[in-house]
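# Report on the structure
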Amino acid sequence: PGRSTSVLGATAPLHLAFNIPVDAVPDGSQGAYFALGCFWGEEKMFWQTPGVTNTAVGYQGGFTPNPTYEEVCSGRTGHAETVRVCFDPGQVSYEQLVRQVFEAHDPTQGFRQGNDVGTQYRSALFPVDQAQHAKARQVYADAERAFAHAGYGALSTQLEPAGDWPFYYAEEYHQQYLVRVPHG
């Protein structure tokens, strides 16, 4: 059934790379949400991207409020492991970030990425508004052509409005996991 409070805790911890609360949206930044497999490596990819101003990992696309990692891994919550990305649109565009998503994983694998298997590892884009949705559809179409040309199957990436699927922060030990465990 989930819970009414965040599993992250009452006070958001500081981001280990940006040194601001993981739930902060820096001035002038926009938000974006991407699911492309295990969120540990994906979050690191984004926090190293020029123009990204904050990141956090969590769960999105499911029906259980404030799920735990164990609940998500059970396959019973419907959530995907998702990265919340804050970015400065003057330095990096939403379109560039979506292209980076399609270049960073195989969006034809369904409910898996490599050895990671389960609904939580599915590919999904959660645009926050109509402008992001239009760009996501455009990049999706480009990726669909490129993957087909390369001999891959159909894309399984879901394109769902973020407003329909709340983002729930993951536990603190998952935030910037690859800073905490560099060889994890």
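Up top is the structure these notes are about.
Now for a description of the structure that goes with this document. Fair warning: this is a prediction, and the values are worked out from it, not measured in the lab.

### Quick word on the overall build of the chain
When helices and strands are tallied, the chain shows five helices and eight strands. Helices and strands appear in the chain in the N-to-C order β-α-β-α-β-α-β-β-β-α-β-β-α. For a compact globule of 184 residues, the expected C-alpha radius of gyration is about 16 Å, and the chain comes in at 15 Å, within 12% of that figure. Principal-axis analysis of the C-alpha atoms gives the chain an extent of 45 × 40 × 35 Å. Restricting the contact set of the chain to residue pairs at least 6 apart, pairs at least 24 apart contribute 77%.

### Re the sheet that holds strand β7 (residues 158-159)
Judged by pairing direction, the sheet is mixed, and its six strands sit side by side in the order β7-β6-β1-β3-β2-β8 without closing on themselves. Each having just a single partner strand, β7 and β8 (168-169) make up the two edges of the open sheet. Where strand β1 (residues 30-36) and strand β3 (residues 80-87) come together, five bridges link them in antiparallel fashion. Bridge pairing in β3 places Phe34 opposite Val83. Sitting on the sheet, helix α1 (residues 39-47) touches β1, β2 (52-60) and β3, and the angle it makes with β2 is about 160°. With respect to the sheet, helix α3 (residues 94-104) is in contact with β1, β2, β3 and β6 (123-125), its orientation differing from that of β1 by roughly 10°.

What counts as what
Residues numbered from 1 in each chain as written. Predicted model: local features only at pLDDT ≥ 70, side-chain atom pairs only at ≥ 80, totals over all residues. Heavy atoms only, no water. Helix = DSSP H or I, 4+ residues; strand = E, 2+ residues; numbered from the N terminus. Rg over C-alpha atoms; globule rule 2.2 N^0.38 Å. Contact = heavy atoms within 4.5 Å. Pairing = 2+ DSSP bridges. Axes fitted to C-alpha atoms, helices over the stretch in contact; angles between N-to-C directions.

All quantities given are derived from atomic positions and should not be read as evidence of function.
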